[in-house]
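The residues making up each chain are set out below.
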Amino acid sequence: MRKNQTLAAKKAARFVSHPEDIVLSHRAYNLLIGGITAYGLIINFIICRFFSHIFMQMHRPSLYGIYAVLAITGVLIVNFSHKPAISFLGYNMIVLPLGAVLSTIVATIHPLIIFQTCGLTASVTVIMLCLSILFPQFFLRIGRVLLISLISLIVIGLFSMISGMHLSFYSYLSAGIFSLYIGYDWARANSYTHTLNNAVEAACELYLDIANLFLDILAIVTDN
C-alpha cells in the first residue's frame, strides 16, 4: 500500500522547464531515460542479491517506515527540483529504500519464480513502450482516467487492509493500471521539452511503474 501512495503523489507531478536547463537531442533524451531507469533496477537487483540478509534482520515495520519517509522525501525532491543532480539524489532516495523492502520480499521466494516474474515484467514493459511509441496520443488521453483509477486502487487497498479481506482481483487490477502507466509515462515524457532534469523525472516515473508492476505480477504468480 505504501508503494501505491508514493506513486500517487508522483503521478501528480508535471514536467516543467527552466531557462538554465540543458536541452538534449531526442535520441540522447530517450537513452538517458532508459539508462537512469535501468540504473535503478540494477541497484535493486544488487541489493536483493547481496544485501537481503541485512534487511531481513531489521524490524519490518521500522524498515517500511524508513522506506516511506525516504521515498516520499525523494518524490518531493524530484517533483520540485529543477537541478538534475538534486533530482537524481531524490531518485536514489526512492530506489535504495525500495530495494531494501524488495529484498525482504524476494528473499523468501524461489529464485525460479523471481526469474519468471522478471521475464514477465520485462515483456510487458517492452510491449507497452512499443505501443506508446506507436500510439502516443491514445496514452496521453488516458492520463486522467489512470490517475482516478490509481486513487481508487489505493482506496480499495486501504479498505481491504482495514477489513482484513483478501481481494484476489486486486493484483490483476493493479498490474493492468501500472502496465498502462508505463505507456502513458513514456508518451508524456516525450511530449515535454527534452531537458536533462525532465529525463531524470521521467526515469523516476518509469522506474516506479516497473517496480510496482513487478510486485503485482509477483503477487499474482505466488497466489496461484
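Structure's up top.
Residues numbered from 1 in each chain as written. Predicted model: local features only at pLDDT ≥ 70, side-chain atom pairs only at ≥ 80, totals over all residues. Heavy atoms only, no water.

**Re the packing of helix H6 (residues 111-134) against helix H9 (residues 170-190)**
Basically, it comes down to this: An axis is simply a line fitted to the C-alpha atoms; with a helix, the fit covers only the stretch in contact. Between two such axes, the angle follows the N-to-C directions and lies from 0 to 180 degrees. Numbering of helices and strands starts at the N terminus; helices are DSSP runs of H or I of at least 4 residues and strands are runs of E of at least 2. Angular relationships are summarised with four words: roughly parallel below 35 degrees, roughly antiparallel beyond 145, roughly perpendicular across 65 to 115, and oblique for the angles in between. Handedness of each helix crossing follows the sense of rotation of the near helix against the far helix: counterclockwise by less than a right angle gives left-handed, clockwise gives right-handed. Should any heavy atoms of two residues lie within 4.5 Å, those residues are considered in contact.
In the contact formed by H6 and H9, the axes pass within 8 Å of each other and the chain directions differ by 45°. Accordingly, the angle class assigned to the pair H6 and H9 is oblique. Where H6 crosses over H9, the two elements pack in a sense that is right-handed. Here Val124, Thr125, Met128, Leu129, Ser132 and Ile133 of H6 lie close against H9, whose contacting residues are Ser179, Leu180, Ile182, Gly183, Trp186 and Ala187.

**Some remarks on the packing of aromatic side chains**
Rules: Aromatic rings from Phe, Tyr and Trp, with only the six-membered ring used for Trp, were paired whenever their centres fell within 6.5 Å, and each pair was classed as stacked if the ring planes differed by under 30 degrees, edge-to-face if by over 60, and tilted otherwise. Two limits define a charge over a ring: the Lys NZ or Arg CZ must be within 6 Å of the ring centre, and within 35 degrees of the ring normal.
For the coordinates displayed, the defined rule picks out 6 aromatic pairs. The interplanar angle of 80° and the centroid separation of 5.2 Å between the aromatic rings of Phe138 and Phe139 together place this pair among those described as edge-to-face. Three or more aromatic residues joined by ring pairs make a cluster, and in this case those are Tyr39, Phe88, Tyr91 and Tyr207. Above the ring of Phe50, the side-chain terminus of Arg49 is found at 5.1 Å from the ring centroid.

**A closer look at the side chain of Ser160**
This is how the line gets drawn: In protein, a polar contact means a hydrogen-donor-capable atom and an acceptor-capable atom, both N or O and within 3.5 Å, with residues adjacent in sequence counting only if both atoms are side-chain atoms; elsewhere, any N or O pair within 3.5 Å suffices.
By secondary structure assignment, the location of Ser160 is in helix H8 (residues 143-163). Reaching out from Ser160, the side chain makes a polar contact with the backbone oxygen of Gly157 at a distance of 2.7 Å. With residues near it in sequence (within four places) discarded, Ser160 still touches Met165 and Leu167.

**Considerations on the side chain of Thr117**
Using the following cut-off: With a 1.4 Å probe rolled over the protein chains alone, any residue whose accessible area is under 20% of its type maximum counts as buried; one over 50% counts as exposed, and the rest are partly exposed.
Mapped onto the elements, Thr117 comes out in helix H6. The exposure class of Thr117 is buried, given its relative accessible area of 0%. In terms of polar contacts, Thr117 uses its side chain to reach the backbone carbonyl oxygen of Ile113, at 2.8 Å. Ignoring sequence-local partners within four residues, the contact set of Thr117 consists of Phe214, Ile217, Leu218 and Val221.

**Side note on the nonpolar core**
If you look at soluble globular proteins, the nonpolar side chains tend to sit buried side by side. Inclusion rule: Each nonpolar core is a collection of buried residues, namely Ala, Val, Leu, Ile, Met, Phe, Trp, Tyr and Cys, held together in the definition by side-chain atoms within 4.5 Å.
Grouped together as the largest cluster of nonpolar side chains are 54 residues, with contacts concentrated most on Ile33, Tyr181 and Tyr207. Only helix H2 (26-50), helix H4 (60-80), helix H5 (84-106), H6, H8, H9 and helix H10 (196-223) provide two or more residues apiece to this core. When residues in this core are grouped by element, the largest group, 16 residues, is from H10.

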